Amino acid sequence: MSTNKKVMVIGDLHIPYHHKDSFKFLKALKKHYKGFDLVVNIGDELDQHAISMHDSNPDLPSAGDELTISKKFIKELEKIFPKMTLVDSNHSSLVYRRALKHGLPRAYLRDYNEFLEVKDWNWVEDLTITLNDQTRCFFTHGMSANVLHVAQKMGMHVVQGHYHSKSSIQYFSNPDNLVWAMQTGCLTNQKSLAFGYAKNFKDRFVLSSSVIINGQPRVHPMIVKDGSWIGKIV
């Protein structure tokens, strides 16, 4: 039985529009901590831009080509983290949301593991675990732009993604406990055409992922210089 002493949380990748050094960064985090008891992907591991509910850019790959490209990167990620729990999210679930919109029964659709051709990944709606300090932690893709409010509502530690320009750890205290709330940031390439909607945003995406070590949260920014990761865990 896992102690959940060391937990890895992977921020939004939006494959195949992830940052070119994101996998190197994740490998380095795994090496730095000598592996993890649990790896949680906070969602939006896939972008699925071509089947978005919004207008898709015609200069990007078609839906079929995007999936083919994405599966190559998924295989690479699977080699780094053969076992992983993935939280349901708005981008990754697009194929099922599209099916629902057009009246297709769930029985017609394949599971994530089947169409992505991975073996030991497990998709969940949300996730609650007990950490090795016996506190509880709730993982969700993104319930509110204010992650501290989510923690206060849930009454436990919270980790979430979704908000690309947010990467932080916040705390609140009640008479019994000190509770933290962590925002993971993302690992996307903001210059990709897939994120054209954000080109005029004043807030830039924050490249980072996070860990929980002995019940305590840590955010690791992926420091980039001239477009490339500097190669150091900070």
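Residues numbered from 1 in each chain as written. Predicted model: local features only at pLDDT ≥ 70, side-chain atom pairs only at ≥ 80, totals over all residues. Heavy atoms only, no water.

(A) Spotlight on the pairing of strand β6 (residues 136-140). Of all five residues making up β6, four are buried, and the element is well covered by its neighbours. By the bridge criterion, four bridges tie strand β5 (residues 127-130) to β6 in an arrangement that is antiparallel. Paired with T128 across the bridge in β6 is F138. Between β5 and β6, which follow one another and run antiparallel, lie five residues, and Q134 among them has a positive phi close to 75°. (Buried < 20%, exposed > 50% of the residue type's maximum accessible area, 1.4 Å probe, protein only. Helix = DSSP H or I, 4+ residues; strand = E, 2+ residues; numbered from the N terminus. Pairing = 2+ DSSP bridges.)

(B) The packing of aromatic side chains, seen in detail. Counted by the stated rule, this structure contains seven aromatic pairs. For the pair Y112 and W123, a centre-to-centre distance of 4.5 Å together with 15° between the ring planes defines the contact as stacked. Of this pair, Y112 sits in helix α4 (residues 112-116) while W123 sits in strand β4 (residues 120-124); the two residues are eleven residues apart in sequence, bridging distant segments of the chain. Look at W123 and you get buried, because its relative accessible area is 16%. The structure contains a cluster of three or more aromatic residues connected by ring pairs, namely Y112, F115, W121 and W123. (Phe/Tyr/Trp six-rings, centres within 6.5 Å; stacked < 30°, edge-to-face > 60°.)

(C) Broad picture of the side chain of S209. The topology assignment puts S209 in strand β10 (residues 208-213). According to the relative accessible area criterion, S209 is buried, its value standing at 0%. A polar contact of 3.0 Å, which involves the side chain of S209, links it to the backbone nitrogen of G11. Excluding residues within four positions of it along the chain, S209 makes contact with M8, V9, I10, G11, F25, L26, L29, T184, L187, R218, V219 and H220. (Polar contact = N/O pair within 3.5 Å; in protein donor to acceptor, adjacent residues only side chain to side chain. Contact = heavy atoms within 4.5 Å.)

(D) Expanded view of the sheet that holds strand β9 (residues 178-184). Strand order in the open sheet formed by five strands is β5-β6-β7-β9-β8, with mixed pairing between adjacent strands. With one partner strand each, in any of the chains shown, β5 and β8 (167-173) form the two edges of the open sheet. When strand polarity is set aside, the average angle formed by the axes of neighbouring strands in this sheet is 15°. Most of the contacts of helix α5 (residues 147-154) go to β9, to which it runs at about 135°, and overall it touches β6, β7 (157-160), β8 and β9. (Axes fitted to C-alpha atoms, helices over the stretch in contact; angles between N-to-C directions.)

(E) How the structure looks around the nonpolar core. In this structure, M8, I10, L26, L77, F81, M84 and W121 are the most contacted members of the largest nonpolar core, which totals 38 residues. Once residues lying within four places of it in the same chain are set aside, the contact partners of M8 are L26, L29, F36, L38, V39, V40, S209, S210 and V211. (Core = buried A, V, L, I, M, F, W, Y, C linked by side-chain atoms within 4.5 Å.)

(F) Spotlight on the pattern of salt bridges. Inspection of every chain in the model, using the stated rule, returns six salt bridges. Ionic pairing is found between D21 and K20, a salt bridge with its closest N-O pair at 3.3 Å. Here D21 falls in the buried class, since its relative accessible area comes to 6%. Among the charged side chains, a salt-bridge network with shared partners connects K20, D21 and K24. (Salt bridge = Lys/Arg side-chain N within 4 Å of Asp/Glu carboxyl O.)

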